[in-house]
Amino acid sequence: MDDHKIGLKAGLEIHQQLDTRTKLFCKCPTMLRDKKESTFSFKRYLRASKSEMGEVDEAALEEEKYSRTFIYKAYDSTCLVENDEQPPGELNPEAVDIALEVALLLNMNPVDEVHTMRKIVIDGSNTCGFQRTALVATDGGIETEEGFVGVDSLCLEEDAASKIETEGSSDAVVYSLDRLGIPLVEIGTAPDIRTADQAKKVAEQLGMILRSTGKVKRGLGTIRQDINISIEDGARVEIKGVQNLRLIGKIVENEVTRQTNLIKLREELKRRRARVERQIEDLSDIFANTTSKVIKRAGGKVFGICLRGFAGILGTEIQPGRRFGSELADFANKYGAGLMHTDELPAYGISEEEVVRLKRTFDATEDDCVVIVAAERERAEPALKAVLRRAEDAMREIPKETRRALPTGSSAYMRPLPGAARMYPETDVPPVEIDKQRLQYIKSKLPETFEHRKARYKEKFGLNDELADKISRNPHFSLFERIMESYENIPATLVVRTLTDTLAELMQEEIEVEKLEDHHFMDMFKQLSANAFGKEAVPEILKFMAKQPEMSIKKAIEEIGLRADMKEVKQLIEDIVNSKKDFVREKGAKAVGPLMGVVMKELRGKVDGKMINKILEEKVKEVMVRATSHDSE
Amino acid sequence: MELKEGDRIRIKKKTDSGVVVYEGIVMPTASRNIVIKLDSGYNIGIRPENVEIEVISGVEALKGERGSEKRIRKVKEDLPILSILSTGGTIASKVDYRTGAVSPQFSTEDILETIPELGQIANIKGKVIYSILSENMRAEYWRKLAAEVYREIKNGAEGIIVTHGTDTMGYTAAALSFMVQTPVPIVLVGSQRSADRPSSDAAMNAICAARVACSDLAEVVVVMHGSTSDDFCFIHRGTKVRKMHTSARYAFQSVNDIPIGRVYYDTSNIEKIRLEFFSAYKKRGDKELELGLRDKLEEKCCLIKFYPGADPAILDFFITQGYKGIVLEGTGLGHVSAEWIPGVARAVKQGIPLVMTSQCLYGTICDRVYDTGRDLLHAGIIEGDDMLPETALVKLMWVLGQTTDMEEVRHLMHENIAGEIRGRSVKEKVHLEI
């Protein structure tokens, strides 16, 4: 699909945790804990605040409908601020400095006075019911191969508590307080991104700029991406919580597919004159003697609705691994009710006969689809009402919504898009004026730009323009410098190729190169520098290490069978040269070339080619010398 | 240029890289910078130098009356009538997202809109008595409040809820305990975490307070969170309760007494909210409980905290200032330094009662154990028994409002009038959380 033709517009929102000593509003360490170390827990409820119009923010209200209990796990490394039992302290100056540094690197304009706001969030992830957030800078941007991408805003905010998978009871949501309050920057780009590939590259570039400060947290979960996507005739959809950079392109593609398919479904539903009946029926009688475990588990309670003209629609795939039925199921799941429909039945232990009776209850024809949920009335009714609304939307428009990224690159419904007016000042935190000296100081200490770095690499390591550009923009640039400084006899081109092309190739082979850490590369080049193996074996070693990252390089070399005893190598070459003695005598120094081929056949990948060449030259010379002395006898 | 709060303006600011344009609504601020609310909802401050400002539109008209939801509330015959008297502590507030202002809500409609559960518990009537921060409370205000409470009960209220700032709630609770003889529950309630946050304890405290106000408990009590969780509220006797934490929900503790009971909160169903009583209390309908008001107070009383090396001139100062009664917060069992004893004797001789309480808070006064104590008794000090220093102060004001006879004062100070003296000390269960 051509992203340009369908009018793709995408923007990224990147959340990056900062590596500060303390949290954003208290003196607790920014340290994640083993949940087993929790020292106590407490229980809370949240209520939606009212806006000036007496209306509750739509997203906030939707959360309240689920009326859940929140359990919070606290630690000896958390305090009363996380418990919402004490007013927050002042905005952590260390975090403000880092935010300003990132803002300047993104060519942004910091505001003169930073005001901390309360952003209503009542899913329980913040104990106070709002997230504290402050706008630090605006109006910046970065250059990409496909054009300029504006960076509209940079906010400094507190990270939320992390959800611990609900333990048994579905009504209580358990959160861990260790993450709550860790500072993070939220960087929002303009909707200037036009292709899936560009989305991925922008994310990479932003990630690299963040890491270049050396003041952001690294590792799983420390950076999260949200993507805003829309296509022409589609709707703006926000996909949250992408933790894997590699998925970004795929997520954009899959969302485009979803919206395109939903447009097609809408046309089809219009053509069929489909309609939604708001009648919810109690169908428990039909399943009085059912063998279905799903239904038995729900206490035998089943409720259902009929979607006229929807036959086959729910079974239609709209995204890899997700059918339209899955979209509807997302809504039912919100109320803790599982959803089944006649496009997929009989299944789940529901019999043919039960399906017939289901359809008969609604006088459903083969054009219709009956949707059922197995749950008691209090859950089933709101669940089915939500499903009805979503089915009605399908005939009208693509809903604007917030979705949750799935590990497959598809996404599931999360909640409606939040309204704009959910913020009011955090009066407990005084505003922070950013004076000019502070900015000047940060400016003077900014990390190097790409352009400068590239010129330096050309000069210092003799790299050509292409390679210098590649490595200076690569996240591994500092590793590159460390390798070059540590092992002088390793050619710069080899290191660049390894850190760029080789890794890219391995990634394409689905090798998990994320598992490779700096020390793996350092050790590998150390061994290479000591001629422990030939440079041809680099990809093979990396492949092996990605699979067994805990193994030492030395051991890996042995395991792969690369290690060649130099004595043996010399012996082998000598044997080969001796066996071709006549040829050497005849060709003299020119014999090296052809013999190289023979030797390499035996030693490829085990010993560096240059090394072999050198030994071979020596041995040939020896034979020639011996021949001359022999002649003179 | 003169900017008015609420103006929509555009600011063009020159920077090193060009011009940045900000657009938003002018916000109130204490800083010298211009603070605007952007359409994204964020507030930012802009230095008024190198800027061009353009007013796009004047003060944006406030949205009219909120919706048309002013439903006529029917009186539910089967529910009791509760009066909510507001003194400034907020159990409900509203956020104006446009200006960011937080305004406390007092009208019956607004309270019910924010905490609709109250309407299921009782027929609610709201009335504003004061709109003050509780640190600005004073004895004169307690008197007016007591009179209002009395009037509401007389006019048929079957329970009273007083919303109050938490800082001095304990004092007001004690004052009402002495001044109002009540046949119905009088419940003081507040919130430790502001009502404008979704996590506020205001709603739960108010709902639990309403349950207590409908119960058969005919005393002045404070109903506030019992733990850091939203699981139960304690019912504290008005003369035994003290704010023991600056910010936590469980700040209120009964001192030298166990709470009267607790209210188990339940969000699923108002009916399921359960009361549990730990100790005896005066009951609604008891014969001797006739409504009465004895609101005279001698306001010229003070509370002095002794500390090592404290100058005895402090005491003389209050005497020359014409104070009629003094409560001392002494050390340990009830001591001040030997230097103070002549001053104490002089005061008593002049007819100024001096009551000794302890900064230990927990435990009872006993001046018979050490020499200084015996000297104090000899000088005429009145032992405050196991009363809280604050309660002793309020009680002294009230006692001096009833009599000036020194012997009578001494007698009344030792008499348990409103549960302020427990008389029998048992091992405390301190309800502070770890």
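Residues numbered from 1 in each chain as written. Chains lettered and ligands numbered in written order. Predicted model: local features only at pLDDT ≥ 70, side-chain atom pairs only at ≥ 80, totals over all residues. Heavy atoms only, no water.

### A few points about the overall build of chain A
Thought 1: Helix and strand counts for chain A stand at 20 helices and 24 strands.
Thought 2: Taken over the C-alpha atoms alone, chain A extends approximately 115 × 70 × 50 Å along its principal axes.
Thought 3: Within chain A, buried positions represent 56% of all 633 residues.
Thought 4: If you take every contact in chain A between residues at least 6 apart in sequence, the share linking residues at least 24 apart comes to 73%.
Thought 5: As presented, chain A carries roughly 28600 Å² of accessible surface, and 48% of it is formed by carbon and sulfur atoms.
Thought 6: Each charge class in chain A can be summarised by its mean position, and for the 99 positive and 111 negative side chains these summaries are 2 Å apart. (Helix = DSSP H or I, 4+ residues; strand = E, 2+ residues; numbered from the N terminus. Buried < 20%, exposed > 50% of the residue type's maximum accessible area, 1.4 Å probe, protein only. Contact = heavy atoms within 4.5 Å. Areas by Shrake-Rupley, 256 points an atom, 1.4 Å probe, with all protein chains shown as cover. Lys, Arg positive; Asp, Glu negative; His and termini not counted. Charge placed at Lys NZ, Arg CZ, Asp CG, Glu CD.)

### Considerations on the domain arrangement of chain B
Thought 1: According to the domain assignment, chain B consists of domain 1 (8-64), domain 2 (70-294) and domain 3 (297-414).
Thought 2: Here the C-alpha centre of domain 2 of chain B lies 42 Å away from the C-alpha centre of domain 1 of chain B. (Domains from an automatic or database assignment.)

### Describing the sheet that holds strand 20 (residues 301-305) of chain B
All names here are of chain B.
Thought 1: As summarised here, the arrangement of the four strands in space is 20-21-22-23, forming an open sheet in which the pairing is parallel. Looking at the sheet topology across the chains shown, the edges are occupied by strand 20 and strand 23 (382-383).
Thought 2: Sheet topology note: the strand 22 (residues 354-358)/strand 23 ladder contains two bridges and is parallel. Considered in strand 23, the bridge of Met356 is made with Glu383.
Thought 3: Contacts from helix 9 (residues 389-402) reach strand 20, strand 21 (325-330) and strand 22, with the element oriented near 165 degrees to strand 21. (Pairing = 2+ DSSP bridges. Axes fitted to C-alpha atoms, helices over the stretch in contact; angles between N-to-C directions.)

### Side note on the interface of chain A and chain B
Thought 1: Every contact between the two is made by 54 residues of chain A and, on the other side, 55 residues of chain B.
Thought 2: Surface buried jointly by chain A and chain B totals about 4500 Å² across both partners, of which 47% is contributed by carbon and sulfur atoms.
Thought 3: In this assembly, chain A and chain B are joined by 11 salt bridges.
Thought 4: For Arg47 of chain B, the salt bridge is made with Glu433 of chain A, and the minimal N-O distance between the two is 3.1 Å.
Thought 5: If you look at where chain A meets chain B, you find 31 residue pairs in polar contact (both at pLDDT 80 or more).
Thought 6: Elements with a contribution of two residues or more to the side of chain A that touches chain B: strand 2 (40-44), strand 4 (109-110), strand 6 (116-120), strand 7 (130-144), strand 8 (147-158), strand 23 (423-425) and helix 9 (436-444) of chain A.
Thought 7: Per-element accounting of the side of chain A that touches chain B gives the leading share, seven residues, to strand 7 of chain A.
Thought 8: Where strand 5 (residues 113-114) of chain A lies against strand 4 (residues 43-46) of chain B, two bridges are found, and the strand directions are antiparallel. Bridged to Val114 of chain A within strand 4 of chain B is Ile44 of chain B. (Buried area = accessible area lost by both parts, 1.4 Å probe. Salt bridge = Lys/Arg side-chain N within 4 Å of Asp/Glu carboxyl O. Polar contact = N/O pair within 3.5 Å; in protein donor to acceptor, adjacent residues only side chain to side chain.)

### Digging into the sheet that holds strand 2 of chain A
All names here are of chain A.
Thought 1: As summarised here, the arrangement of the four strands in space is 2-3-10-9, forming an open sheet in which the pairing is mixed. Two strands in the sheet have a free side with no partner beyond their single neighbour: strand 2 and strand 9 (162-164). Ignoring strand direction, the axes of neighbouring strands in this sheet form an average angle of 35 degrees.
Thought 2: Here strand 9 runs beside strand 10 (residues 172-176); their pairing, made up of three bridges, is antiparallel.

### So, the nonpolar core
Buried together is how nonpolar side chains tend to be arranged in soluble globular proteins.
Thought 1: Formed by 114 residues in total, the largest nonpolar core has its most connected members in Leu106, Leu154, Leu156, Leu307 and Phe310 of chain A.
Thought 2: Setting aside chain neighbours within four positions, we find Leu154 of chain A in contact with Ala99, Val102, Ala103, Leu106, Met108, Ala134, Leu135, Val136, Ala137, Val185, Glu186 and Ile187 of chain A.
Thought 3: Ranked by size, the runner-up nonpolar core spans 86 residues in total, among them Ala122, Val149, Leu217 and Leu393 of chain B. (Core = buried A, V, L, I, M, F, W, Y, C linked by side-chain atoms within 4.5 Å.)

### Considering the pattern of salt bridges
Working definition: two side chains of opposite charge can pair if their charged atoms are close together.
Thought 1: Taken as a whole, this structure holds 88 salt bridges over all chains when the rule is applied.
Thought 2: Between Arg47 of chain B and Asp112 of chain A there is a salt bridge, with the nearest N and O atoms lying 3.4 Å from each other. Here Asp112 of chain A lies in the loop between strand 4 and strand 5 and Arg47 of chain B lies in the loop between strand 4 and strand 5 (51-57), a pairing that spans two chains. For the residue pair Arg47 of chain B and Asp112 of chain A, the accessibility class agrees, reading buried in each case.
Thought 3: As a salt-bridge pair, Glu219 of chain B and Arg237 of chain B come within 2.9 Å of each other at their nearest N and O atoms.

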